[in-house]
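The residues making up each chain are set out below.
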Amino acid sequence: MAIAEVIGFFTLVCVIWYWVYKKHKNLQLKICRSSIESSSSSSSLSSPPSLSSPISRTWTHQVFPSFRGEDVRKGFLSHIQKEFKSKGIVPFIDDEMKRGESIGPGLFQAIRESKIAIVLLSKNYASSSWCLNELVEIMNCREEIGQTVMTVFYQVDPSDVRKQTGDFGKAFKKTCVGKTQEVKQRWSRALMDVANILGQDSRKWDKEADMIVKVAKDVSDVLSYTPSRDFDDYVGIRPHITRINSLLCLESTDVRMVGMLGPPGIGKTTIARVLYDQISEKFQFSAFIENIRLSYWKGWHDEGNLDFPVEIMTGDRQRKLNLQRRLLSELFNQKDIQVRHLGAVQERLRDHKVLVILDGVDQLEQLTALAKETHWFGHGSRIIITTQDQRLLRAHEINHVYKVDLPATDEALQIFCLYAFGQKFPYDGFKKLAREFTALAGELPLGLRVLGSYLRGMSLEEWKNALPRLRTSLDGEIEKTLRFAYNVLSDKDKSLFLHIACLFNGCQVNHVKQWLANSSLDVNHGFEVLSNKSLISTDMGLVRMHSLLQQLGVDIVRKQSIGEPEKRQFLVDVNEISDVITDNTGTGTILGIMLHVSKIEDVLVIEETVFDRMTNLQFLIFDECLRDKLNLPLGLNCLPRKIRLLRWDYCPLSVWPSKFSAKFLVELIMRANKFEKLWEGIQPLKNLKRMELGDARNLKEIPDLSNATNLESLLLSFCTSLLEIPSSIRGTTNLKELDLGGCASLVKLSSCICNATSLEELNLSACSNLVELPCALPGDSNMRSLSKLLLNGSSRLKTFPEISTNIQELNLSGTAIEEVPSSIRLWSRLDKLDMSRCKNLKMFPPVPDGISVLNLSETEIEDIPPWVENLSQLRHFVMIRCKKLDNISLSRISKMEGVHCLQITRGDEDVSGDSIVNIRCHKLVSLPQLSDCLSSLDAENCVSLETIDGSFHNPDIRLNFLNCNNLNQEARELIQKSVCKHALLPSGEVPAYFIHRAIGDSVTIHLKERHLPLYLIFKASLVLFNDDEINYDYEDDDDDDYDEEVIVYGDYDSYPHSDDYTKQETMRLSCRVEGKQNGLTIQYGSSVHLLPTPHRYTEHVYIFEASFSLGECNSPEAESELVFDFKVHDYFWAIKECGLQLLELPHAHGDD
């Protein structure tokens, strides 16, 4: 008791909460609260109800005051309630309750649902059995559910309360008359316990007003102390909060506005809510104004019958006044605030440090009404605006903007699983379907929440049955959220939205703009609007629309004419398109058709008149074409006159339609067609930008292009029957790309090509009969734009082309060129030169100093000259299988400090993959010190290598010493102890420094920490051995179990999918990490490693570093157990022994 009187108030609060936190698992059964606040449609990152816990319960009331009315109601109580109100504290008021001998159920519930109970102990407090019963219940709640209890001794001695003496004791004894001994003891114990809580004594204050301010501040501090559960219950929320906090710069005293930008449903509101809960206590006043757009919008014309709340307002000024009234009311917690002029916010807030979150802003007027200038607010204030309109933030000159991106795939799966299963991973048997539904939601948090909640509790069969419907239609809640963003667009922007959703998602932005040029859509401005409103993105030059927004667009078009698809603008459903074509019911309403041919079940027979009535068809796309799915027995009468885009690979037609106009044609893509020639005569081709006819094996001539003055790209690769390029190509003055690669019948290139003054790329690769280039091409002044020339595989070409010095990339691989002129050294822009497989090349070419990529593999070059050390820009230098190379000067190579990719070999061994540093020499005995900037060293099959001079200093380097069996012990230890990303070398045991070891392919570790880091980093060592008795079945190998991380040992050009795992000389190894906590198994992460296969009968050790999230492990419960399982997916190889070292986490012990 003495200790309780000495410790300060805040210390007491901390102790209470820590005690509650430690015991909350044992107290769960005693909690009677069951209601959960529902989240808004955009709060899609929120935790499901099943994850609630006592420490994070929602309190109905902030403060419950227990008092004797006749002592304090008219004075002290009224004053403290006023102070509470000024601080936004809402106490429970029982004015309307009738007081009697016992507490009713309503008051009992009010006490239990209050976060804080404040007991005002006055002289006559104990004269009321009602007050004493209240006190008993309050002290019970303090013990059972961790309720905070605060005391004020109002004109009474705490000792009298504790011992029930003095006037207070007399009143208590009088109340005890006629009561049972049990009741008297219960009251007495409650009075003694409450008196032991250090509180405010009114007798020690000169001014009662000061004491009231102190009490209100203490209450406010306790309300702000609640341990946050947000990071624990929300997947992926922590990085968002961290990044936004860096923009907020809370330690600064300036006033800052920060925007949070993202498409609808991505979780902006949820992130803002969590952020608000985290930082609001740092401000004098704070307010979260949610869904501003709904209360501000003038009216709603709901085409989809969606029920949105609408607050009808009259006049711009009145709407702004209403917004300001709402903001001030939220900040000061006063509903009756009057706002009569637009300077009210500035007038009331300029001296206060405030946090204001304006959620769902979609009009600049809303910002000018609520936060026009930073000087409206006091020093240190922060204004956060969530919106999907980037233009709005720019217009308000908000420079600090956080863009909310979609969650990573694994996080998206966890979010979905939280709502579908109440845990972060799927039930057994549901894994593949869970991934499919996650993909169906497009990883959009709103979609993940809605779909997961919809499927919760359903059986596996019900999940399978629900999938087809959800693939083709949106859930109502999702549609309601997304539809709002569509409905506020102008008619032109709506039309552009539908064009992209139905036809152009994933296409190049500049192509889409060209296809829609000269239309009424004002496409350039429309792209800006849709991009600013986060309805599309244009990263990497591609227009991207989220899959759920795309489905919204498709649904809107479908509703234009339900049951009669021929009356819609766009047709995208394969069955509906098949019906329209089969029944020949096309109309002038149809603007575009996107047919995925591969989805057609049977052969689709197309009549010759199918396009006759589609007079307005502009976009005809036959995608994913298969040769035998479309049948046109009589050909086609015509192609639509207004056609702009025609994409039809594997077109079965052999004769071009007789009725055809190319007046509006922008792009013609008809690869692998059967035509010998296209249209006859001269067509108006002024709008034509691209023509691609690659792999048209029968094509002998291309049409007259004299009018194609705006043609930019002509792609004719592997048109093996094409004999020449017509002279009409001289008219294509804007041609930038000409691809004739693989045109084996082409003998000579017309000199007319030199008139293509804009030509940037010319591909003549694999033109096996091409003997020479046009005589005017080398150095021609008209060809100064040419930056890329590909002649690789043109095996009859003997003369090195003296082209313009502006060339940047030149590929002469596989040609018959014998020597390189010295003038090439002056080609200052030459960046890449490939002369590999030039069998007649004997001298090292005199390349310019600025070259960065040089490939001289399989040439007859005999020596590497000393001046290569001066090629300071060289990054990739490759000389593989140069049999006559007599002097591989590794000491010289080691001085080339800028080189990242170095491959030099002699001999006939086949090199698979593309290593960063490749030195494969059977006679190499010692490896010198190499550049520290190298990221990978491949010394595979250096069978004579014994020593390594120097060391490796790049922690991300990959080391491959496969089959280097002669390495001495010092070299082996150097490799094993090097800080590196991966290492592979001959060895039969796990290095000694790996503390946790086990025989076989699994090791278990027990963690002692109570609070673990967010990520756990570990290093593993696996001894691989050849086991001829392995009976490995690839059919039982589930690739889907290892999908979170793929680690490729070398720098392979592309990600190896499952069909590559069994390719020769590549071995696949997987790692899975699971944890056991409180009897539950938790999957933390997995990875797949692709590494070269060692020679048989030689043991090798593979050492690698990896990490995974420990988000589930951060619990103050019993020790956690981690299980590391490794597996080699190979017929002949297995794991003999494994070792593990935890990095930056020493307190663990392992099971051998």
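Quick caveat: nothing in here was measured; it's all calculated off a predicted structure. (Residues numbered from 1 in each chain as written. Predicted model: local features only at pLDDT ≥ 70, side-chain atom pairs only at ≥ 80, totals over all residues. Heavy atoms only, no water.)

In this section: the overall build of the protein. If you tally the helices and strands in the protein, you get 29 helices and 42 strands. Partitioning the intrachain contacts of the protein with sequence separation of at least 6 by distance along the chain shows that 64% fall at a separation of at least 24. Per element, the accessible surface of the protein, about 51,200 Å² overall, is 46% carbon and sulfur. (Helix = DSSP H or I, 4+ residues; strand = E, 2+ residues; numbered from the N terminus. Contact = heavy atoms within 4.5 Å. Areas by Shrake-Rupley, 256 points an atom, 1.4 Å probe, with all protein chains shown as cover.)

By size, the foremost hydrophobic cluster in this structure holds 103 residues, and its most contacted members are Trp-656, Leu-668 and Leu-714. The set of elements that each furnish at least two residues to this core consists of helix H27 (574-583), strand S11 (592-596), strand S13 (619-623), strand S15 (645-648) and strand S25 (876-879). Excluding its chain neighbours within four sequence positions, the residues that come into contact with Leu-714 are Met-691, Ile-702, Leu-705, Ile-729, Leu-735, Glu-737, Leu-738 and Asp-739. One finds Val-404, Leu-444, Trp-515 and Phe-619 within the second-largest nonpolar core, a separate group that totals 64 residues. (Core = buried A, V, L, I, M, F, W, Y, C linked by side-chain atoms within 4.5 Å. Buried < 20%, exposed > 50% of the residue type's maximum accessible area, 1.4 Å probe, protein only.)

Attention shifts here to the sheet that holds strand S5 (residues 256-261). Reading across from one edge, S6-S7-S8-S5-S9 is the order of the five strands in this open sheet, with parallel pairing throughout. If you trace the sheet from one side to the other, it starts and ends with strand S6 (285-289) and strand S9 (400-403), each paired once. Neighbour to neighbour, the strand axes of the sheet diverge by 15 degrees on average, direction disregarded. Of the pairings in the sheet, the one linking S6 to strand S7 (residues 354-358) comprises five bridges and is parallel in character. Looking at S7, one finds that Phe-285 is bridged to Val-354. Set on the sheet, helix H14 (residues 316-332) makes contact with S6 and S7; between it and S6 the angle comes to about 130 degrees. (Pairing = 2+ DSSP bridges. Axes fitted to C-alpha atoms, helices over the stretch in contact; angles between N-to-C directions.)

Scored by pLDDT, the protein has a mean of 80; 80% of the residues are at 70 or more. Counted against residues more than four places away or in other chains, residues 297-314, with its pLDDT under 50, gives 38 contacts. (pLDDT = per-residue confidence, 0-100.)

What follows concerns the pairing of S5. In terms of residue burial, S5 counts as a mostly covered element, since six of its six residues are buried. Here S5 shows a buried face lined by Arg-256, Val-258 and Met-260 and a second buried face lined by Met-257, Gly-259 and Leu-261. Of the strand pairs in this sheet, S5 and strand S8 (residues 382-387) are connected by six bridges, and their pairing is parallel. Note that in S8 the partner of Gly-259 across the bridge is Ile-385. By the bridge criterion, four bridges tie S5 to S9 in an arrangement that is parallel.

With that settled, consider the environment of Ser-128. Inspection of the secondary structure assignment puts Ser-128 in the loop between strand S2 (114-121) and helix H5 (129-144). The spacing of Ser-128 and Cys-176 is 48 residues in sequence and 9.9 Å in space, taken between C-alpha atoms. Those residues in contact with Ser-128 that lie beyond four places of it in its chain are Arg-68 and Thr-175. In terms of polar contacts, Ser-128 uses its side chain to reach the backbone amide nitrogen of Cys-131, at 3.1 Å. (Polar contact = N/O pair within 3.5 Å; in protein donor to acceptor, adjacent residues only side chain to side chain.)

On to the packing of aromatic side chains, then. According to the stated counting rule, one finds 27 aromatic pairs in the structure shown. When the centroid spacing of 6.4 Å and the interplanar angle of 80 degrees are considered together, the rings of Phe-1104 and Phe-1126 count as edge-to-face. Here Phe-1126 lies in strand S40 (residues 1120-1129) and Phe-1104 lies in strand S39 (residues 1100-1109), a separation of 22 residues in the sequence. Feature note: the residues Phe-416, Phe-421, Tyr-427, Phe-430, Phe-437 and Trp-463 constitute an aromatic cluster, connected by ring pairs. Seen from the ring of Phe-288, Arg-273 lies directly overhead, with NZ or CZ sitting 3.8 Å from the centre. Seen from the ring of Phe-283, Lys-353 lies directly overhead, with NZ or CZ sitting 5.2 Å from the centre. (Phe/Tyr/Trp six-rings, centres within 6.5 Å; stacked < 30°, edge-to-face > 60°. Lys NZ or Arg CZ within 6 Å of the ring centre and 35° of its normal.)

Here the focus is the packing of helix H20 (residues 445-455) against helix H21 (residues 460-472). The description of two helices packed together rests on the angle between their axes and the distance between the axes. Relative to each other, H20 and H21 sit at 140 degrees, their axes nearing to 11 Å. Regarding the angle of H20 to H21, the classification is oblique. Viewed along their axes, H20 and H21 form a crossing whose handedness is right-handed. Where H20 abuts H21, its residues Leu-451, Tyr-454 and Leu-455 lie against Trp-463, Ala-466, Arg-469 and Leu-470. Split into classes, the residues belonging to the contact of H20 with H21 amount to six nonpolar, no polar and one charged. (Parallel < 35°, antiparallel > 145°, perpendicular 65-115°, else oblique. Left-handed = near helix turned anticlockwise from the far one by under 90°. Nonpolar A, V, L, I, M, F, W, Y, C, P; charged D, E, K, R; others polar.)

Take the pairing of S8 next. Of all six residues that make up S8, six are buried, and the element is covered over most of its length. Residues Arg-382, Ile-384 and Thr-386 point to one face of S8 and Ile-383, Ile-385 and Thr-387 to the other, with burial holding for every one of them. Examined bridge by bridge, S7 and S8 share four bridges and lie parallel to one another. Along S8, the bridge assignment pairs Leu-358 with Ile-385. The parallel pair S7 and S8, bridged by helix H16 (residues 364-371), forms a crossover whose chirality is right-handed. (Right-handed = clockwise from strand over helix to strand, strands pointing away.)

Mapping His-1129 onto the fold places it in strand S40. A polar atom in the side chain of His-1129 sits 2.6 Å from the side chain of Ser-1070.

Inspection of every chain in the model, using the stated rule, returns 30 salt bridges. Through salt bridges with shared partners, a single network forms among Asp-157, Asp-201 and Arg-203. (Salt bridge = Lys/Arg side-chain N within 4 Å of Asp/Glu carboxyl O.)

Within the secondary structure, Arg-317 is located in helix H14. C-alpha of Arg-317 to C-alpha of Glu-365: the two residues are 48 residues apart in sequence and 9.9 Å apart in space. Sequence-distant contacts of Arg-317, that is, excluding residues within four places in its chain, are made with Arg-340, His-341 and Leu-342.

Along helix H25 (residues 523-532), the positions that sit buried rather than exposed are Val-523, Gly-526, Phe-527, Val-529, Leu-530 and Asn-532. Against the buried residues of H25 lie S5, helix H17 (390-395), helix H23 (491-504) and helix H24 (509-515). Just downstream of H25 lies Ser-534, where phi reads positive at about 60 degrees.

A word on H23. With 14 residues, H23 extends 18 Å from end C-alpha to end C-alpha; this agrees with the ideal 20 Å at 1.5 Å per step. Within H23, twelve of the 14 residues are buried, leaving the element largely enclosed by the surrounding structure. Among the residues making up H23, those that are buried are Asp-493, Lys-494, Ser-495, Leu-496, Phe-497, Leu-498, His-499, Ile-500, Ala-501, Cys-502, Leu-503 and Phe-504. Where H23 terminates, the next one or two residues include Gly-506, which has phi positive at roughly 95 degrees. (Expected span 1.5 Å × (residues − 1).)

Each strand in a sheet pairs with its neighbour through backbone hydrogen bonds, running either in the same direction (parallel) or in the opposite one (antiparallel). Taking strand neighbours across the sheet as the criterion, the four strands line up as S1-S2-S3-S4 in an open arrangement whose pairing is parallel. For this open sheet the edge positions go to strand S1 (61-66) and strand S4 (200-201), each flanked by a neighbour on one side alone. Relative to the sheet, H5 contacts S1, S2 and strand S3 (148-153), its axis offset from that of S1 by approximately 140 degrees.

With their axes 9 Å apart at the nearest point, H23 and H25 run at an angle of 80 degrees to one another. As judged from the angle between their axes, H23 and H25 are roughly perpendicular. Contacts from Asp-493, Leu-496, Phe-497 and Ile-500 of H23 reach H25 at Val-523, Gly-526, Phe-527, Val-529 and Leu-530. Of the residues assigned to the contact of H23 with H25, the class counts are seven nonpolar, one polar and one charged.

Right, let's talk about unusual backbone geometry for a bit. If you check the backbone angles, Gln-155 has positive phi at about 55 degrees while not being a glycine. Inspection of the secondary structure puts Gln-155 in the loop between S3 and helix H6 (158-163). Even without glycine at this site, Asp-522 takes up a positive phi of about 50 degrees. The residue Asp-522 is located in the loop between H24 and H25 in this model.

For Gln-62, the position within the fold is in strand S1. What makes Gln-62 partly exposed here is its relative accessible area of 28%. In contact with Gln-62, not counting residues within four places along its chain, are Gly-88, Ile-89, Val-90, Lys-115, Ile-116 and Leu-223. A polar contact of 2.5 Å, which involves the side chain of Gln-62, links it to the backbone nitrogen of Val-90.

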